Amino acid sequence: MKKILLKLSGEALAGSKKTGFDEDTVRKVALQVKQLLDDGVQVGIVIGGGNFWRGRSSENIDRTKADQIGMLATVMNCIYTSEIFRSTGMQTEILTPFECSSFTKLFSKDRANKYFAQGKVVFFAGGTGHPYFSTDTGVVLRAVEVEAEVILLAKAVDAVYDDDPNKNPNAKRYDKVTIDEVIAKNLQVVDMTASILARDNKMPMWVFGLNEENSIVNAVKGTFKGTKVTV
């Protein structure tokens, strides 16, 4: 693989604390990404904001404002994670679809690809920049725009199931599933908008557990243990 887009859940980066950051977890991610960079793989990253904010759980905040708070949560996550990455010797850039003063740079495909060519890790923060679209849609959109080969979805669960495996011990686990089946059965790999965008642009997604040893590196060049969503 030459270019991948990695989606990290905010909850996964929080580790056992469930909120905020767990530096050991983030550092383990950083060391894996550094290994991929050293092997010549271009890496883009999108991070969710669930370790700080889940606006849909409140009925007292306007949906647009709640989504804006969520966008800012992803910016905070990217700034923090970027700094941990830099501490391991990597160069990084953070791109957003809206101006954040000197905190980030404004996204464009040309700018992103310039940074990829320079060997930098590119963080795509702020989602799509619009309310009513999740970071799921943001990651598929950016993957399509920068022509990534695959989206790696590093989650708290280790694969795609037909039900929540934490609540249903008989949930069916998929080693491989088509994006059409994901949509038809609403398997919630990503939300429906993102699933349709991935289908229409033939963008494959690989789902695996972030907390498994060397899971990101193994997904790219070793033994993959999750679910491959094919297009």
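The rules behind the values
The written sequence of each chain sets the order in which its residues are numbered from 1. Given that this is a predicted model, residues contribute local features only at a pLDDT of at least 70 and side-chain atom pairs are listed and counted only at 80 or more, while totals for whole chains, interfaces and linings are drawn from all residues. Think of the side-chain values as coming from all heavy atoms in the structure, minus any hydrogens and water. Just to be clear on terms, a salt bridge is a Lys or Arg side-chain nitrogen sitting within 4 Å of an Asp or Glu carboxyl oxygen. Under the scheme used here, helices are H or I runs from DSSP no shorter than 4 residues and strands are E runs no shorter than 2 residues, and both carry numbers assigned from the N terminus. Remark: exposure states derive from per-residue accessible area (1.4 Å probe, protein chains only) relative to the maximum for the residue type, with buried under 20%, exposed over 50%, and partly exposed in between. A contact between two residues is defined here by any heavy atoms of the two lying within 4.5 Å. Residues adjacent in sequence count toward polar contacts only when both atoms are side-chain atoms; beyond that, a polar contact is any pair of N or O atoms within 3.5 Å, and within protein one must be able to donate a hydrogen and the other to accept it. Of the two site types, the cavity is a set of points on a 1 Å grid over the protein atoms alone where a 1.4 Å probe fits but cannot get out, and the pocket is an open set with protein on both sides within 12 Å along at least five of seven lines, each lined by residues with an atom within 4 Å of a point. Grid points are joined across faces, edges and corners, and a volume is the space filled by probe spheres set on the points. Here the term charged refers only to Asp, Glu, Lys and Arg, the term nonpolar to Ala, Val, Leu, Ile, Met, Phe, Trp, Tyr, Cys and Pro, and the term polar to all other amino acids, Gly among them.

A. Structural detail: the pattern of salt bridges. Tallied over the entire structure, the rule returns twelve salt bridges. In this structure, Asp39 engages Lys221 in a salt bridge whose closest nitrogen and oxygen atoms are separated by 2.4 Å. Note that Asp39 is positioned in the loop between helix 2 (23-38) and strand 2 (42-47) and Lys221 in helix 8 (residues 215-221), a separation of 182 residues in sequence. Classification of Asp39 as partly exposed rests on a relative accessible area of 45%. Residue classification places Lys221 among the partly exposed residues on the basis of a relative accessible area of 49%. For Glu93, the salt bridge goes to Lys105, with nearest N and O atoms at 3.1 Å. Taken together, the residues span a long stretch of sequence, with Glu93 in strand 3 (residues 92-96) and Lys105 in strand 4 (residues 105-106) at a distance of twelve residues.

B. Region of interest: helix 5 (residues 135-145). Of all eleven residues making up helix 5, eight are buried, and the element is well covered by its neighbours. Three or more residues of helix 5 are buried, namely Thr135, Asp136, Thr137, Gly138, Val139, Val140, Arg142 and Ala143. Tucked inside the fold, the buried residues of helix 5 contact strand 1 (3-8), strand 2, helix 3 (63-87), strand 5 (121-124), strand 6 (150-155) and helix 7 (192-200). The N-terminus of helix 5 is capped by Ser134, whose side-chain oxygen sits 3.1 Å from the backbone nitrogen of Asp136. Just beyond helix 5, the residue with positive phi is Glu147, at close to 60 degrees.

C. Structural detail: the layout of surface pockets. What the largest pocket holds in volume is close to 1200 Å³. Lys7, Glu11, Arg54, Thr135 and Asp136 are, among the 46 residues lining the largest pocket, the residues nearest its centre. For the lining of the largest pocket, the secondary-structure elements that each account for two or more residues are helix 1 (10-13), helix 3, helix 5, strand 6 and strand 7 (160-161). Looking at which element gives the most residues to the lining of the largest pocket, the answer is helix 3, with six residues. Each residue belonging to the lining of the largest pocket can be placed in one class, and the counts come to 17 nonpolar, 17 polar and twelve charged. By volume, the second largest pocket amounts to about 200 Å³. If you go around the second largest pocket, the residues you meet are Thr25, Lys28, Val29, Leu31, Gln32, Leu210, Asn211, Glu212, Glu213 and Asn214. A class-by-class count of the residues in the lining of the second largest pocket yields three nonpolar, four polar and three charged.

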